[in-house]
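These are the residues of each chain, in order.
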Amino acid sequence: MGSLSSPRGLLPLLLLGICAVACSCSALPMPPPPPMPVRLRPPVMMHESFAGKSEFRTVNRRPLESCFNPSPYLSINVSTAGPLPDEAFVNVTVGGVFRPDGSHWVAMITPSNSSVSGCPLSGVNYVETGDLANLPLLCHYPVKAQLVKTDPSYLGCKKAACQKRDASGACKVRTCGATLTFHVINFRTDVEFVFFAGGFQTPCVLKRSGVLRFANPAKPLNGHLSSTDSTATSMKLTWVSGDGRPQQVQYAGGSRSATSVAMTFTQKDMCSVPVLPSPAKDFGWHDPGYIHSAVMTGLQPSQSYDYRYGSDSVGWSDTVKFRTPPAAGSDEVSFVIYGDMGKAPLDPSVEHYIQPGSIAVTRAVAKEMQTGKVDSIFHIGDISYATGFLVEWDFFLHLIRPLASQVSYMTAIGNHERDYAGSGSVYVTPDSGGECGVAYESYFPMPAAGKDKPWYSIEQGSVHFIVMSTEHSWSDKSEQYNWMEKDLSSVDRSRTPWVIFIGHRPMYSSNLGIPTSVDPNFVASVEPLLLKNKVDLVFFGHVHNYERTCAVYQDKCRGMPKKDVNGIDTYDNSNYTAPVHAIVGAGGFKLDGFSIIQQSWSISRVSEFGYARVHATKTDLLVQYVSSSTMEIRDQFRIVKGGR
């Protein structure tokens, strides 16, 4: 299929060529909903009803119906008087409506290079998104949308305007309107707001706002840090810009600088299959701009520095303060760990994929960081849940910026970053939407073994972290297996007495998902490595809850914790028996429950959004699971030993 060379010309062609534009629907008004104020500031919203797949997720596979009952007064206007800033809450006002209807909605759309020939004609191209709807609405996937009745004055026509008066001055033609608030961030490409009728199931176009542009599409944004090695004397900073020319990070009070290397990826880099183009290859594509990375060197462990990034030609970021992690072999380290976060809108919109707990978790971790006791963060798979809708990476990077710009943000790859048919993934699912790890590895360049080999180890303080990919082959004698075997056998326990194993898919879970969350082949292949090399603690995600095991091997408890003087479960690894496993996949995605029957190896189960905070000394490892809504500790345990 071909693609347009100019994305700006595509939306008008699709919208105007398929459906009449200036019209209004004839359905009778619905009763007004309970009052809901229009929010001009970020609301605290959990979006429970839109977690996972919402009806909005299928909107671009719907046929466009013909609107009728034309209104010549229809309008849609945006509050900004000029170009859009890097972040704004803009008011979008619709007017000129004869009969307000509960099915009216407004979408925020940004251009993409979708195919004209395949998009409006072939519904089979959209099977991979998870439903079997007949035809697409748009080749441009709407970034977000709101029902107009979100403004409680709409259905009752409390915002009326007189369009025409008679000779006596009495109003002859009265119309209705509403105002909605949209959160917009700088994702570099032009934005348009489109007013629809017919709901998400039978949509038709009423009016378009016209193009809005960002003031500085090249602005360097969303800088985030990662560790490069175990010395903690260098840190990598990665950011996004609309300009590919080299930029700089200036740090240590501006006395030092490092030049960036920029890269990008295109639709050609996305995975697909010949007959069914993936979302990332087709209607979910969004230009990622350029991803810049620069390494700050000459740093000292456990020290604070400031930095800014950009250039005189494209502009500079604000100055940010960050702290390096402790070096390998030092006495202690504190870190936060969670999986399956994603993002949620900061306005009342619905989106393609919403992870309802993500905002609360990021805010709770930000509070955690204010204590000064967080050396690094580990996000262990299912990072943004963009799943082929590339603009959502920008929203995710914006969400985590307050965290990832201040401490090392280390990641593991998950199924929603990597898996796709024909891509070489262990699991043949469409979970990445065709991204196949390309976007993930571009945005989060870890100290990995190589391209599409996203496994690595790193040491901080008293801990040796080994981070694997559950989505790449882990079978006996595979490249990753051989690497894990070599890495685990080479740990210097006198320097880092604790070994923590990290991956995405778990070995133990009480969740009865379909398909099952635990792959017995994975367990049979990798679990013996953990026992042989005396791994102390294992963290996994994938299942969206928290669960802790006994010291377990082959489904049997080999060691049980005992209460210490403070009543905390304590595992004594001075006489090692087996690893303790903990699932920390409640970082944002809709929560999973548990089986009614509790397995003998399952010690604690919590289905609440949250994260684990970990503090490790040479002889003591304390893990606390924290609820993001209350900041209360919902489970805690210790692993102790007298040294090795």
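First things first, this report covers the structure right here in the doc. Everything numeric in this text was worked out from a predicted model, so none of it was measured. (Residues numbered from 1 in each chain as written. Predicted model: local features only at pLDDT ≥ 70, side-chain atom pairs only at ≥ 80, totals over all residues. Heavy atoms only, no water.)

**Thoughts on the overall build of the protein**
Alright, step 1. Counting its secondary structure elements, the protein contains seven helices and 34 strands.
Alright, step 2. In the protein, the proportion of contacts linking residues at least 24 apart, taken out of those at least 6 apart, comes to 75%.
Alright, step 3. Surface exposure of the protein reaches about 23700 Å², of which carbon and sulfur atoms provide 53%. (Helix = DSSP H or I, 4+ residues; strand = E, 2+ residues; numbered from the N terminus. Contact = heavy atoms within 4.5 Å. Areas by Shrake-Rupley, 256 points an atom, 1.4 Å probe, with all protein chains shown as cover.)

**Focus on the nonpolar core**
For soluble globular proteins, nonpolar side chains are generally found buried alongside one another.
Alright, step 1. In terms of nonpolar packing, the biggest core is built from 72 residues, with I337, I377, W393, F444, I502 and F539 touching the most fellow members.
Alright, step 2. Examining the composition of this core, we find that six residues originate from one element, helix α3 (residues 391–404), more than from any other.
Alright, step 3. The contacts of F539, once residues within four sequence positions are left out, are F335, I337, I380, I500, F501, I502, G503, A582, V584, V614 and V623.
Alright, step 4. Membership of the second largest hydrophobic core comes to 32 residues, among which are Y154, V184, F187 and F214. (Core = buried A, V, L, I, M, F, W, Y, C linked by side-chain atoms within 4.5 Å. Buried < 20%, exposed > 50% of the residue type's maximum accessible area, 1.4 Å probe, protein only.)

**Points about unusual backbone geometry**
Alright, step 1. Its identity is not glycine, yet K477 carries a phi of approximately 70°, on the positive side.
Alright, step 2. In this structure, K477 sits in the loop between β23 (463–467) and α6 (479–489).
Alright, step 3. With relative accessibility at 54%, the residue K477 sits in the exposed group.
Alright, step 4. Residues other than glycine seldom take positive phi values, yet M631 does so here, at roughly 65°.
Alright, step 5. Structurally, M631 can be placed in the loop between β33 (620–627) and β34 (633–640).
Alright, step 6. Judged by its relative accessible area of 29%, M631 falls in the partly exposed class.

**A few points about the packing of aromatic side chains**
Alright, step 1. This structure, assessed with the given rule, holds 29 aromatic pairs.
Alright, step 2. By way of ring pairs, the aromatic residues F265, W285, W393, F396, Y409, Y440, Y443 and F444 are connected into one cluster.
Alright, step 3. Lying over the aromatic face of W316, R308 brings its terminal NZ or CZ to 4.0 Å of the ring centre. (Phe/Tyr/Trp six-rings, centres within 6.5 Å; stacked < 30°, edge-to-face > 60°. Lys NZ or Arg CZ within 6 Å of the ring centre and 35° of its normal.)

**Re the state of the cysteines**
Alright, step 1. A complete count under the given rule lists four disulfides for this structure.
Alright, step 2. Covalent S-S linkage joins C157 and C176, the inter-sulfur distance amounting to 1.9 Å. Judged by the torsion about the S-S bond (-100°), the C157/C176 disulfide is left-handed. Here the residue C157 occupies a position in the loop between β4 (144–147) and β5 (160–165), and C176 occupies one in strand β6 (residues 171–185), the gap between them amounting to 19 residues.
Alright, step 3. What pairs with C550 in a disulfide is C557, and their sulfur atoms sit 2.1 Å apart. Measuring the twist about the S-S bond at about -95°, one finds the C550-C557 disulfide to be left-handed. (Disulfide = S-S within 2.5 Å.)

**Considering the environment of L621**
Alright, step 1. If you trace the backbone, L621 turns up in strand β33.
Alright, step 2. Sequence-wise, L621 and W498 are 123 residues apart; in three dimensions their C-alpha atoms are separated by 8.2 Å.
Alright, step 3. Once you skip the residues sitting within four places of it in the chain, L621 turns out to touch W498, I500, L537, V614, H615, A616, F637, R638 and I639.

**Description of α6**
Structurally, the α-helix is built with 3.6 residues per turn, so residues lying three or four positions apart point the same way.
Alright, step 1. Where α6 is concerned, the buried positions are Q480, Y481, M484, D487 and L488. Buried residues of α6, viewed axially, fall in a sector of 135°; they line one side. In this structure, α6 carries K486 and S489 as exposed residues pointing more than 90 degrees from its buried face.
Alright, step 2. Among the structural elements, β22 (456–460), β23, β24 (498–502) and α7 (520–532) are those in contact with the buried residues of α6. (Arc of directions from axis to C-beta.)

**Description of the packing of α6 against α7**
Alright, step 1. Running from N to C, α6 and α7 point in directions that differ by 10°, and their axes come no closer than 10 Å. As far as their axial angle goes, α7 and α6 are roughly parallel. Residues Y481, M484, E485 and L488 of α6 pack against S525, V526, L529 and K532 of α7.
Alright, step 2. The residue makeup of the contact of α6 with α7, split by class, is five nonpolar, one polar and two charged. (Axes fitted to C-alpha atoms, helices over the stretch in contact; angles between N-to-C directions. Parallel < 35°, antiparallel > 145°, perpendicular 65-115°, else oblique. Nonpolar A, V, L, I, M, F, W, Y, C, P; charged D, E, K, R; others polar.)

**Some thoughts on the pattern of salt bridges**
Pairs can form between side chains of opposite charge once their charged atoms are near each other.
Alright, step 1. The full count for this structure, using the stated rule, is 24 salt bridges.
Alright, step 2. Of the charged contacts in the structure, one is a salt bridge between K453 and E479, with a shortest N-O distance of 3.0 Å. Of this pair, K453 sits in the loop between α5 (438–443) and β22 while E479 sits in helix α6; the two residues are 26 residues apart in sequence, bridging distant segments of the chain.
Alright, step 3. K453 gets classed as partly exposed once you look at its relative accessible area, which sits at 28%.
Alright, step 4. You can call E479 partly exposed: its relative accessible area is 48%.
Alright, step 5. Residues participating in the shared-partner salt-bridge network are K144, K343, D347, E351 and E392. (Salt bridge = Lys/Arg side-chain N within 4 Å of Asp/Glu carboxyl O.)

**Observations concerning empty space enclosed by the protein**
Alright, step 1. Across all of its chains, the model carries two cavities of 30 Å³ or more by this definition.
Alright, step 2. Volume-wise, the second largest cavity comes out at about 70 Å³.
Alright, step 3. Forming the boundary of the second largest cavity are K144, H183, K343, A344, P345, L346, E351, F395, H398 and L399.
Alright, step 4. If you tally residues by element for the lining of the second largest cavity, the top one is α3, at three residues.
Alright, step 5. Here the residues of the lining of the second largest cavity are counted per class, giving five nonpolar, two polar and three charged. (1 Å grid on protein atoms, 1.4 Å probe; cavity = no way out; pocket = protein on both sides within 12 Å on 5 of 7 lines; lining within 4 Å. Points joined across faces, edges and corners; volume = space filled by probe spheres on them.)

**A look at the sheet that holds β6**
Alright, step 1. Read from one edge to the other, the open sheet built from four strands follows the order β1-β2-β6-β5, with strand pairing classed as antiparallel. Looking at the sheet topology across the chains shown, the edges are occupied by β1 (75–78) and β5. Between one strand axis and the next, the sheet turns by 25° as a mean value, whatever way the strands run.
Alright, step 2. Pairing analysis gives four bridges linking β1 to strand β2 (residues 87–97), with the strands arranged antiparallel. (Pairing = 2+ DSSP bridges.)

**Quick look at the pairing of strand β11 (residues 248–251)**
Alright, step 1. Side chains V249 and Y251 project from β11 onto a buried face, and the interleaved Q248 and Q250 project onto a face without burial.
Alright, step 2. As paired strands, β11 and strand β12 (residues 256–259) are joined by four bridges and run antiparallel to one another. What sits directly across from Y251, in β12, is R256.
Alright, step 3. Counted along the chain from β11 to the antiparallel partner β12, the turn is four residues long, and its residue A252 has a positive phi close to 55°.

**Remarks on the sheet that holds strand β8 (residues 204–208)**
Alright, step 1. Read across the sheet, five strands follow the order β8-β7-β3-β4-β19 without closing on themselves; strand pairing throughout is antiparallel. At either margin of the open sheet sits one strand with a lone partner, and together these are β8 and β19 (350–351).
Alright, step 2. One ladder, built from four bridges, connects strand β7 (residues 192–197) with β8; its direction is antiparallel. Bridge pairing links V194 to R208 in β8.

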